Amino acid sequence: MLLIHCPYCDEKRPEIEFAYGGEAHIARPLDPSALSDEEWETYLFIRSNARGRHHERWRHIHGCGRFFNAVRDTVTDKFETTYKAGEERR
Amino acid sequence: MSSLSVSTSPLPDEPFAADGVRVSRSAALQRYSLRARDPAKLAAVVGRELPGRIGGVTDGIAQLGPDEFLALLPVGTQLPSGEEEPVSVVDISSRAVGITVEGEGAAALIMSGCPLDLDRMAPGQATRTIYETVEMVLVRESETRFHIEVWRSFAPWLWQSLRLSAE
Ligand SMILES: [Zn+2]
């Protein structure tokens with residue numbers, strides 16, 4: 001079983017307590033109406049789809065309930081680190 | 001409101017027992033969901049001490065997350081609602097029902113469907129977790145006694161699963 005370190009609970013918990021939340025550090029545009037269709041498309045759909053080191057959001061949904069960020073290797077499925085939402089990209 | 005808000009249980013009256021474990025319906029409780037970004041403000045509103053740490057339990061109030069607490073209190077206990085304060089105090093007495101699992105085999109029975117390593121959960125700790133696909137809040141009251149809080153619509157399924165695992 002894969003264990004994921006929740007930065008809020010500060011312990012490793014079983015993967016099935018968590019939900020994946022897509023790529024991390026994608027800021028919602030402050031003024032969506034000012035964007036062109038291409039820019040809006042980029043915000044909504046275009047992701048880095050990294051092979052290797054990937055920044056992503058997870059939620060400890062069946063635990064403390066919080067969203068946080070993780071760096072996971074998409075090839076090995078190993079978690080490099082996890083950190084609280086709002087903290088600097090690692 | 002307090003008498004109406006604690007309704008009858010969807011679980012059978014009769015407990016079941018098997019091989020070092022006994023599973024029974026818990027007595028009715030007054031339940032509150034408590035939320036606040038600043039737990040100190042919440043503690044002031046409800047006039048009670050809070051655990052101060054995720055997983056801790058103080059006088060019936062468990063800390064589930066950084067800003068989330070679950071109060072399991074005797075029926076009839078009323079907490080102030082904290083109007084105009086940046087807190088949320090909501091009576092959720094009817095949302096969940098309690099199941100008591102006790103005996104030498106209690107931890108093993110829960111681990112039949114819960115992925116947590118309960119050898120690492122000390123008495124007096126509480127956490128939200130999952131049993132197969134059903135979410136629950138697990139409170140370890142002692143080495144051999146657990147209290148499970150489960151949403152009432154999931155409760156018959158969880159009861160049945162525990163019964164099948166125990167057999
Ligand atoms: Zn957590």
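What counts and what doesn't
- Residues numbered from 1 in each chain as written.
- Chains lettered and ligands numbered in written order.
- Predicted model: local features only at pLDDT ≥ 70, side-chain atom pairs only at ≥ 80, totals over all residues.
- Heavy atoms only, no water.
- Helix = DSSP H or I, 4+ residues; strand = E, 2+ residues; numbered from the N terminus.
- Donors = N, O, S within 2.8 Å, 3.2 Å for Na, K, Ca; no water.
- Tetrahedral: all angles 85-135°; square planar, octahedral: opposite > 155°, others 65-115°.
- Buried < 20%, exposed > 50% of the residue type's maximum accessible area, 1.4 Å probe, protein only.
- Contact = heavy atoms within 4.5 Å.
- Buried area = accessible area lost by both parts, 1.4 Å probe.
- Salt bridge = Lys/Arg side-chain N within 4 Å of Asp/Glu carboxyl O.
- Nonpolar A, V, L, I, M, F, W, Y, C, P; charged D, E, K, R; others polar.
- Domains from an automatic or database assignment.
- Polar contact = N/O pair within 3.5 Å; in protein donor to acceptor, adjacent residues only side chain to side chain.

Turning our attention to the environment of A:Pro29. One can find A:Pro29 in the loop between strand 3 (19-23) and helix 1 (37-45). For A:Pro29 and A:Cys64, which are 35 residues apart along the polypeptide, the C-alpha to C-alpha distance reads 28 Å.

Below, the discussion takes up the coordination of the zinc ion. Residues and elements named next belong to chain A. Binding of the zinc ion to the protein goes through Cys6 (SG), Cys9 (SG), His60 (ND1) and Cys64 (SG), at separations of 2.0 to 2.4 Å. Its four donor atoms give the zinc ion angles of 105 to 115 degrees at the centre, a pattern that matches the tetrahedral case. Mapped onto the sequence, the residues coordinating the zinc ion show the spacing C-x2-C-x50-H-x3-C. An identical accessibility class is assigned to Cys6 and Cys9; each is buried.

Taken together, the 15 residues of chain B in the interface contact 13 residues of chain A. Of the roughly 1100 Å² buried between chain B and chain A, counting both surfaces, carbon and sulfur atoms make up 56%. Between chain B and chain A we count one salt bridge in total. Those elements that provide at least two residues to the side of chain B that touches chain A are strand 5 (61-65) and strand 9 (126-131) of chain B. Across the side of chain B that touches chain A, the residue classes tally to six nonpolar, three polar and six charged.

Here the focus is the domain arrangement of chain B. Accessible area lost when the parts come together is the quantity often used to give the size of an interface. Residues and elements named next belong to chain B. You can read the domains of chain B as domain 1 (16-28 + 95-166) and domain 2 (29-91). The interface is formed by 14 residues belonging to domain 1 together with 13 residues belonging to domain 2. Interface area lost by domain 1 to domain 2 is led by Ala28, Ala126 and Arg128, which between them contribute 41%. Between domain 1 and domain 2 we count two salt bridges in total. We note a salt bridge from Arg31 to Glu149, for which the minimum N-O separation is 2.5 Å. Linking domain 1 with domain 2 are six residue pairs in polar contact (both at pLDDT 80 or more). Among the secondary structure elements, those contributing two or more residues to the side of domain 1 that touches domain 2 are strand 8 (96-102), strand 9, strand 10 (134-142) and strand 11 (145-151). Classifying every residue of the side of domain 1 that touches domain 2 by side-chain character gives seven nonpolar, five polar and two charged.

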